[in-house]
Amino acid sequence: MQRQNLLFSIILTFIFFLGNNAFPLEERAAPDISLKNLPVIAGISLGDLNDDHLPDLVLCLRKPKIYLFYQKNGTYPATADKTLALPRAEIAQGALVGDFDSDNKADLAAASKKNLLYLFLGKDGFTKCIDVYNSNNQRNDDGISMLNRSKQRKETGFLNGPVWRIWNSGKQRWIRGYCFGPEKNDNAVSTVADMDFDNEPDIVFLSRSGAVRIYYGPFTSRKVEVAHLSAFIEFAPPAPASCLDIADFNHDGRPDIVVSSKSGKKMFFYFQSAPVGFEDLKEPSITLNGVSGILRSADINGDKRADLIVARRGKKKKKPQILVFYQRKKDKKFPESGKEADRVLDFPGWKNISDVYLSDIDRDGMVDIVAAGRRKDQGSEVRIFLNSTFRGSKMQRKN
């Protein structure tokens, strides 16, 4: 009888092992870190704010405030360590952590949708806000990124949509710049990357209509116009795009582009060819059907290849989810269906996902997932999934 029970247990274990490796896996465990009862969150950022070499959490709220949470003992406190008040009753939609005045202290920059950029310096303990107004009257829909930096001139340039603002820490003043559209000023979402390996930052825009535009640097004038660029590319995906990300998605050493459609649940990959540049933009290199949302990329499974994270925001009856797609080693590509996701994280109790950020929270050399969203019952929440959890044994087979 004991032998039969032992044999039965071995068979069950073997079947369970096969089942878990034959199907995509879904997270069933609670997140490793959870911050609840928060105000509505507009954006997330992480960075070392207090010089302890640990990533601290920055939450931009849908009110004129920013919450700072300092990491302690591998987690974050239930209440913010510091609250930054924003002048002019504006709402920050994205933030960036870095040393922007070359004093070896972390600073914080944030941008609003309504034409304001904020700078909080670490040397002041983040108590003073240096803001600049965008007189171009261009409403922006994305966060903030760093476009240029010169230690010699003590300048750091920030890009918020098409708005370029340069902080001169020596003269303590803002310098204004702007990226004009080819026919009208309809550049919206912006991403900075060196697309052509010339060690100069380039800008990839999404226009209001969902087209993709690449502005190739160097940018010799703060008045950035298409006629003065070294090169310019514009193309329209099969469906208007709402989100964009850049990474080496086919493991050939060149940065590629992926966009998510505004509607229709499709994602389009565009691979660069040798040496650089896009030969044929009439059709995407790959189309991933059945999924769209917030896009993030990083090496999730430690194989030194760019993987893709897609956050389904969750609307009406559709539940919010995060899907992880690994870049396949065999053909260096991605699947063509959202049903082939390698990992799926569910968010029970949530109405939607507002933002996703990738960072090595526990300093184990692997990328972790940080998500913010609104709960169905009360307030908002931040959930952090460590890589060892959502790639580890706490998984179950999808039905």
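Our subject is the structure listed above.
About the cut-offs
Residues numbered from 1 in each chain as written. Predicted model: local features only at pLDDT ≥ 70, side-chain atom pairs only at ≥ 80, totals over all residues. Heavy atoms only, no water. Patch = residues over 30% accessible without salt bridge, like charges linked within 9 Å, V, L, I, M, F, W, Y side chains within 5 Å. Areas by Shrake-Rupley, 256 points an atom, 1.4 Å probe, with all protein chains shown as cover. Salt bridge = Lys/Arg side-chain N within 4 Å of Asp/Glu carboxyl O. Lys, Arg positive; Asp, Glu negative; His and termini not counted. Charge placed at Lys NZ, Arg CZ, Asp CG, Glu CD. Helix = DSSP H or I, 4+ residues; strand = E, 2+ residues; numbered from the N terminus. Core = buried A, V, L, I, M, F, W, Y, C linked by side-chain atoms within 4.5 Å. Buried < 20%, exposed > 50% of the residue type's maximum accessible area, 1.4 Å probe, protein only. Contact = heavy atoms within 4.5 Å. Pairing = 2+ DSSP bridges. Axes fitted to C-alpha atoms, helices over the stretch in contact; angles between N-to-C directions. Phe/Tyr/Trp six-rings, centres within 6.5 Å; stacked < 30°, edge-to-face > 60°. Polar contact = N/O pair within 3.5 Å; in protein donor to acceptor, adjacent residues only side chain to side chain.

A. View of a positive patch on the surface. A cluster of basic residues, Arg62, Lys113, Lys265, Arg313, Lys315, Lys316, Lys318, Lys351 and Arg374, forms a positive patch on the protein surface. Within the secondary structure, Lys113 is located in the loop between β8 (107-112) and β9 (116-120).

B. Geometry of the nonpolar core. One finds Met195, Ile257, Val259 and Phe278 to be the most contacted residues of the largest nonpolar core, which totals 20 residues. Contact partners of Val259, with chain neighbours within four places excluded, come to Leu206, Val212, Pro237, Ala241, Cys243, Leu244, Lys266, Met267, Phe268, Tyr270 and Leu295.

C. Quick peek at the pattern of salt bridges. What the rule picks out here adds up to eleven salt bridges. A salt bridge links Arg153 to Glu155, with the nearest nitrogen and oxygen atoms 3.4 Å apart. In this structure Arg153 comes out as exposed when scored by relative accessible area, which is 53%. Judged by relative accessible area, Glu155 falls into the buried class, the value being 11%. With a shortest N-O distance of 2.6 Å, Arg375 and Glu381 are connected by a salt bridge. For the pair Arg375 and Glu381, a shared accessibility class is recorded, and that class is buried.

D. Spatial organisation of the sheet that holds strand β23 (residues 286-289). Spatial strand order, β20-β21-β22-β23: four strands in an open sheet with antiparallel pairing. Bordering the open sheet on either side are β20 (241-247) and β23, each of which pairs with just one other strand. Within this sheet the neighbouring strands show an average axis-to-axis angle of 20 degrees, counted without direction.

E. Structural detail: the packing of aromatic side chains. Overall, the coordinates contain 14 aromatic pairs when judged by the stated rule. Taken together, a centroid distance of 4.8 Å and an interplanar angle of 85 degrees make the contact between Phe100 and Phe158 edge-to-face. Within this pair, whereas Phe100 is found in the loop between β7 (92-98) and β8, its partner Phe158 is found in strand β12 (residues 155-160), the two being separated by 58 residues in sequence. Classification of Phe100 by relative accessible area gives buried; the value is 2%. For Phe158, a relative accessible area of 0% gives the class buried. For the pair Phe205 and Tyr215, a centre-to-centre distance of 5.0 Å together with 75 degrees between the ring planes defines the contact as edge-to-face. With Phe205 in strand β16 (residues 202-207) and Tyr215 in strand β17 (residues 212-216), this pair connects stretches of sequence that are ten residues apart.

F. Molecular detail of the environment of Asp202. Residue position: Asp202 is located in strand β16. Through-space distance from the C-alpha of Asp202 to that of Leu147 is 8.3 Å; in sequence the pair is 55 residues apart. Contacts of Asp202, omitting those with residues within four sequence positions, involve Thr191, Val192, Ala193, Asp194, Met195, Asp196, Tyr215, Tyr216, Gly217 and Phe219. A polar atom in the side chain of Asp202 sits 2.7 Å from the backbone nitrogen of Met195.

G. Fine view of the sheet that holds strand β3 (residues 41-47). In space, the four strands of this open sheet follow the order β3-β4-β5-β6, with antiparallel pairing throughout. Edge positions in the sheet fall to β3 and β6 (82-85), since each of these pairs with one other strand and no more. Between one strand axis and the next, the sheet turns through 20 degrees on average, direction left out of account. With four bridges joining them, strand β4 (residues 56-61) and strand β5 (residues 65-69) adopt antiparallel strand pairing. The residue bridging Val58 from the neighbouring strand is Leu68, located in β5.

H. Inspection of the pairing of strand β28 (residues 350-359) at higher detail. Counting buried residues along β28, seven of its ten residues qualify, which places the element largely inside the surrounding structure. Pairing of β28 with strand β29 (residues 368-375), which is carried by eight bridges, proceeds in the antiparallel orientation. Bridging across to β29, Asp355 finds its partner in Ala372.

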